[in-house]
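This is what each chain is made of:
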Amino acid sequence: MRELIVARVRPKGGQTVLSQYAFVGIFAIIAFALPIIGLAMSWLIRPKKPNRAKNATYECGMETIGDTWVQFKAQYYLFALIFVVFDVEAIFIFPWAIAYNKLGLYALVEMVLFVVILFGGLLYAWKKKALEWH
Amino acid sequence: MDYIRNFFVNLAQSWTTWISTGLPPWAVDVVNYLIVGVILVMMPVIATLTLTWMERKVIGRIQNRIGPNRVGPWGIFQAIADAVKMLIKEDIVPDNADKPVFNLAPILIFVGAALLWAVIPFGRNMVGQDLSIGALYVIAIGSITTVAVLMAGWASNNKYALLGAFRVVAQLLSYEIPMVLSMATVVLVVGTMKMGGIVEAQIVPFVLVLPLAFIVYLLAATAETGRAPFDLLEADSEIVAGYFIEYSGLKFGWFYIAEYGNLLAVSAIATTLFLGGWRGPFVSAVPALGPFYFVIKTVVVIFILMWIRGTWPRFRIDQMLGFAWKVLVPASLANLLWVATAQMIPAPTPVKWFLMLIGNVAIIFVALTLLGQAAKRHAAKHGLAGA
């Protein structure tokens, strides 16, 4: 009965997975509702006096030159690529960590190999100076 | 007396018994979920009202000032005055902005900060819902923040905002990896992702078993919440305020609330994973003490984060990303492998945990030595100290 929550203790029977996620669903709806209610309240009481200068893009008083949405530095893209590799690894590590005590020595050897290969990738990126800022 | 001992759970039980008369079970569930949901969704707001005051006082003392002291005794109503101001301030939407995305971003960032509270255990049986994938849920919800921040930066159609958003993506992505790896280390030791189960397993707080994982988590959490010294996404002196430069009024307020909500949430998660959560003296006899221990530990973690903010200068972006990939990731990978090896040894748990502690300390020592050598090489090459 450990997983029973504070505000919900039923005399018999456990909770289904569906019921657990029903809470997350209801919670998400409330979490969306609160800022919307807040913004609506603020919309009712705040002043609305827009003008062109006020609605201009803020750039410390200078006129904006050129388009904002331009091609950006590829360096950020490299980090994103390395991240994807490691994030997929993380997804693999969690189930491995849960089942670890049941899997025996095989799990350890397998994870060592996996991490060594990944670490090789990181070293390669390091040597290729993908982690430096150009 | 027995009622007081486990006050919160008993209160909930009485309430459920009272409401169950005449209602079908599913309706009881829905009513209770709504109540718990409303309480938990207020956590980021409560965090903002209390932590902004605490932060100003703490940073003020560190910088030899006294902080807010006008509104109410010791300035404790300062945060409420700020909240009223935000509520009645004019809301400016720039003409060039991508309006639907611009308006959605503050809502989404709050959702990301609020949803974390669903799995954080305040005491035994006192948790929104102890999901079986608790730790993974925390990581998944954490990435909503990244998306919302990128949305805000992109939709503002402002160069500073866009620069801020790029930095966010690079920073949050880079520091997510060491954070995930340090959480995976804890999951490996416990064998469950349930937050409640992780607390139950901590006969000794894991900070004394896995100090390296704790330090890595704390650093990564500081970066994930975008706080100094990793506050490059806001960097007031470089890109003015980063991704929320164009926001004003309550839309800015939701970003602010989400920031402090995240600060409280990562501290609460650090408490849960590494400091024993609600465990403490006499807690098994008097479970109602659990939430108090939990809050005290969380406030201590927050104080450490504020102390760090008040003490360190901001890093450059290349130093910061380099630190994540060249120091934190290798160290936490090595830690994960060592902990897995120690876990495999057929020995009683205290022996295993002692071995993990030795390995952790050794890795910290090696990492610090290598860092020191790298700093010396850098100084010899460029004729500068440190950097």
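Above this note sits the structure.
Let me begin by describing the structure that accompanies this report.

Conventions we followed
Residues numbered from 1 in each chain as written. Chains lettered and ligands numbered in written order. Predicted model: local features only at pLDDT ≥ 70, side-chain atom pairs only at ≥ 80, totals over all residues. Heavy atoms only, no water. Helix = DSSP H or I, 4+ residues; strand = E, 2+ residues; numbered from the N terminus. Expected span 1.5 Å × (residues − 1). Buried < 20%, exposed > 50% of the residue type's maximum accessible area, 1.4 Å probe, protein only. Contact = heavy atoms within 4.5 Å. 1 Å grid on protein atoms, 1.4 Å probe; cavity = no way out; pocket = protein on both sides within 12 Å on 5 of 7 lines; lining within 4 Å. Points joined across faces, edges and corners; volume = space filled by probe spheres on them. Nonpolar A, V, L, I, M, F, W, Y, C, P; charged D, E, K, R; others polar. Core = buried A, V, L, I, M, F, W, Y, C linked by side-chain atoms within 4.5 Å. Phe/Tyr/Trp six-rings, centres within 6.5 Å; stacked < 30°, edge-to-face > 60°. Lys NZ or Arg CZ within 6 Å of the ring centre and 35° of its normal. Axes fitted to C-alpha atoms, helices over the stretch in contact; angles between N-to-C directions. Parallel < 35°, antiparallel > 145°, perpendicular 65-115°, else oblique. Left-handed = near helix turned anticlockwise from the far one by under 90°. Buried area = accessible area lost by both parts, 1.4 Å probe. Salt bridge = Lys/Arg side-chain N within 4 Å of Asp/Glu carboxyl O. Polar contact = N/O pair within 3.5 Å; in protein donor to acceptor, adjacent residues only side chain to side chain.

With that out of the way, let us pick up helix α3 (residues 105-127) of chain A. The end-to-end C-alpha distance of α3(A), which contains 23 residues, comes to 33 Å, matching closely the 33 Å that a straight helix rising 1.5 Å per residue would cover. For α3(A), every residue scored as buried is listed here: A:A107, A:L108, A:M111, A:V115, A:L118, A:L122 and A:A125. On its buried face, α3(A) sits against α2 (74-103) of chain A together with α14 (317-344) of chain B. Two residues or fewer past α3(A), A:K129 is found with a positive phi of approximately 60°.

Our next topic: empty space enclosed by the protein. With a probe scaled to a water molecule rolled over the atoms, the places where space remains empty come into view. Residue and element names in this part refer to chain B. According to the stated counting rule, one finds four cavities of 30 Å³ or more in the structure shown. For the largest cavity, the calculated volume is near 210 Å³. Along the wall of the largest cavity there are 17 residues; nearest its centre are L116, G142, M179, E224 and V266. Elements supplying a minimum of two residues to the lining of the largest cavity: α7 (134-155), α8 (159-190), α10 (211-224) and α12 (249-274). The class makeup of the residues in the lining of the largest cavity is nine nonpolar, six polar and two charged.

Now for the layout of surface pockets. Residues and elements named next belong to chain B. Taken as a whole, the largest pocket encloses approximately 1900 Å³ of empty space. Looking at the largest pocket, it is lined by 46 residues, and the ones nearest its centre are F323, K326, V327, L371 and A374. If you trace the second largest pocket, you find 30 residues lining it, with I39, L40, M43, F122 and M126 closest to the centre. With seven residues, the top contributor of residues to the lining of the second largest pocket is helix α4 (residues 43-62). In the lining of the second largest pocket, the residues fall into 27 nonpolar, three polar and no charged.

What follows deals with the nonpolar core. Generally speaking, nonpolar side chains in soluble globular proteins are found buried as a group. Core analysis: the biggest nonpolar cluster contains 129 residues, and A:F86, A:F94, A:W96, B:W117, B:M183, B:Y217 and B:W325 have the highest contact counts within it. The greatest single-element share of this core, amounting to 16 residues, is contributed by α8(B). Beyond its immediate chain neighbours, meaning those up to four positions away, B:M183 contacts A:F94, B:A135, B:V138, B:I139, B:Y217, B:I269 and B:L273.

Residue and element names in this part refer to chain B. Topologically, P178 is positioned in helix α8. Taking the relative accessible area as the measure of exposure, P178 reaches 0% and is therefore buried. In sequence terms P178 and M193 are 15 residues apart; their C-alpha atoms lie 17 Å from each other.

Residue and element names in this part refer to chain B. Here N64, not a glycine, exhibits a phi torsion of approximately 60°, which is positive. In this structure, N64 sits in the loop between α4 and α5 (78-88). At W74, a position not held by glycine, the phi torsion is positive, near 55°. Residue placement: W74 occurs in the loop between α4 and α5. The exposed category is assigned to W74, whose relative accessible area is 64%.

Scanning all chains against the criterion turns up 17 aromatic pairs over all chains. Judged by centre distance (5.4 Å) and plane angle (65°), the rings of B:F122 and B:F294 are edge-to-face. Here B:F122, found in the loop between α6 (99-115) and α7, pairs with B:F294, found in helix α13 (residues 290-311); they are 172 residues apart in sequence, far enough to count as distant. Residues B:F122 and B:F294 agree in their burial class; the two are buried. Their ring planes at 75° and their centres at 5.3 Å tell us that B:F206 and B:W353 sit as a pair that is edge-to-face. Taken together, the residues span a long stretch of sequence, with B:F206 in the loop between α9 (195-201) and α10 and B:W353 in helix α15 (residues 349-382) at a distance of 147 residues. The two residues B:F206 and B:W353 agree in class, both being buried. Grouping aromatic residues by their ring pairs yields a cluster made of A:F23, A:F27 and B:Y33. One residue, A:K48, lies across the ring of A:W43, its end atom 5.2 Å from the ring centre.

Let us look at the packing of α2(A) against α8(B). Between α2(A) and α8(B), whose axes approach to 9 Å, the crossing angle comes to 15°. Relative to α8(B), the element α2(A) lies roughly parallel. Here the hand of the crossing between α2(A) and α8(B) comes out left-handed. Split into classes, the residues belonging to the contact of α2(A) with α8(B) amount to 22 nonpolar, one polar and four charged.

The next point concerns the interface of chain B and chain A. Each partner contributes residues to the interface: chain B has 93 residues there, and chain A has 78 residues. Surface buried jointly by chain B and chain A totals about 7900 Å² across both partners, of which 73% is contributed by carbon and sulfur atoms. Here chain B and chain A share one salt bridge between them. Our count for the contact surface shared by chain B and chain A stands at four residue pairs in polar contact (both at pLDDT 80 or more). Of all the secondary-structure elements, those providing two or more residues to the side of chain B that touches chain A are α2 (7-20), α3 (25-41), α5, α6, α7, α8, α12 and α14 of chain B. Partitioned by chemical class, the residues of the side of chain B that touches chain A number 61 nonpolar, 16 polar and 16 charged.

By themselves these figures say nothing about function.
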